[in-house]
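Summary of structural features
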Amino acid sequence: MYLIRFFSLVSQFDTEFFISGIAPLCDQFVMLFFVKETSDKGNKEFCARPRLDIIQPNPDCCEEVSSDAITVRGFQENECRDYRLEYAEGESLFYIISPRDVVVAKERDQDDHIDWLLGRKKYEEALMAAEISQKNIKRHEVLDIGLAYITHLVEKEDYDNAARYEIYSCLK
């Protein structure tokens, strides 16, 4: 007895790049792709670094959620067929394989996002992110981020905002 299976088209969209690999990530997908670019000094094509994007598919298009350029040795000489994307199902680990490197990528958590914001001195955004997801963060404390923000404002001699945040944090 044969099992008959059917598929229905869920989403379709055009791209301006060469896709090297695709993998599921919850209701989104991770896409490894490759772009050929033309230099400003003439019409010579060169190979850019491969990119790893998280894409949210929609019925008639897709939305880029996250995008990262990946540095691999020899990317200037590589072509689309030289890259592969593999994934460990259930672990959110993605392996980017090139002729000379293997890069492991993993989904970032809220602590990683807060680290990124603090590293760029975006204290107010880091504080809001920490307040929103207090239960999910493990490496950060809202109070510590708030104090770092107030210290930053005082160092910038923005005493009015520093005082407002000090009063705001005391009222909570």
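Residues numbered from 1 in each chain as written. Predicted model: local features only at pLDDT ≥ 70, side-chain atom pairs only at ≥ 80, totals over all residues. Heavy atoms only, no water.

Looking at an unreviewed UniProt entry, one finds the protein named Vps41 beta-propeller domain-containing protein and attributed to Aquarana catesbeiana.

**Re the sheet that holds strand β6 (residues 62–69)**
How we decide: When DSSP finds two or more bridges between two strands, those strands count as paired. Going along the chain from the N terminus, every DSSP run of H or I of four or more residues is numbered as a helix, and every run of E of two or more is numbered as a strand. Fitting a line to C-alpha atoms yields each axis, with helices limited to the stretch in contact; the angle taken between N-to-C directions then spans 0 to 180 degrees.
Here four strands make up an open sheet; going across it, the order is β1-β2-β5-β6 and the pairing antiparallel. Both edges of this open sheet fall to β1 (18–25) and β6, since each of them pairs with a single strand only. The average undirected angle you get between the axes of adjacent strands in this sheet is 25°. As defined by bridge partners, strand β5 (residues 51–57) adjoins β6 across seven bridges and the pair is classed as antiparallel. Bridge pairing in β6 places Ile54 opposite Ser66.

**A few points about the environment of Asp27**
Going by this rule: Relative accessibility thresholds used throughout: buried, under 20% of the residue-type maximum; exposed, over 50%; partly exposed, between the two (1.4 Å probe, protein chains only). Whether two residues touch is decided by their heavy atoms; if any such pair falls within 4.5 Å, the residues are in contact.
In this fold, Asp27 is placed in the loop between β1 and β2 (28–34). We classify Asp27 as exposed; its relative accessible area is 55%. A sequence separation of 28 residues divides Asp27 from Ile55, and the C-alpha atoms of the two residues are 9.3 Å apart. Aside from chain neighbours lying at most four places away, what touches Asp27 is Gln56 and Pro57.

**What to know about the pairing of strand β8 (residues 93–97)**
Residues of β8 alternate between two faces, with Phe94 and Ile96 buried on one and Leu93, Tyr95 and Ile97 left unburied on the opposite face. Sheet analysis places strand β7 (residues 84–88) next to β8, joined by five bridges and oriented antiparallel. If you follow Leu85 over to β8, its bridge partner there is Ile96. Linking β7 back to β8 in an antiparallel pair, the connection comprises four residues, with Gly90 at a positive phi of about 85°. Joining the antiparallel neighbours β8 and strand β9 (residues 102–106) is a turn of four residues.

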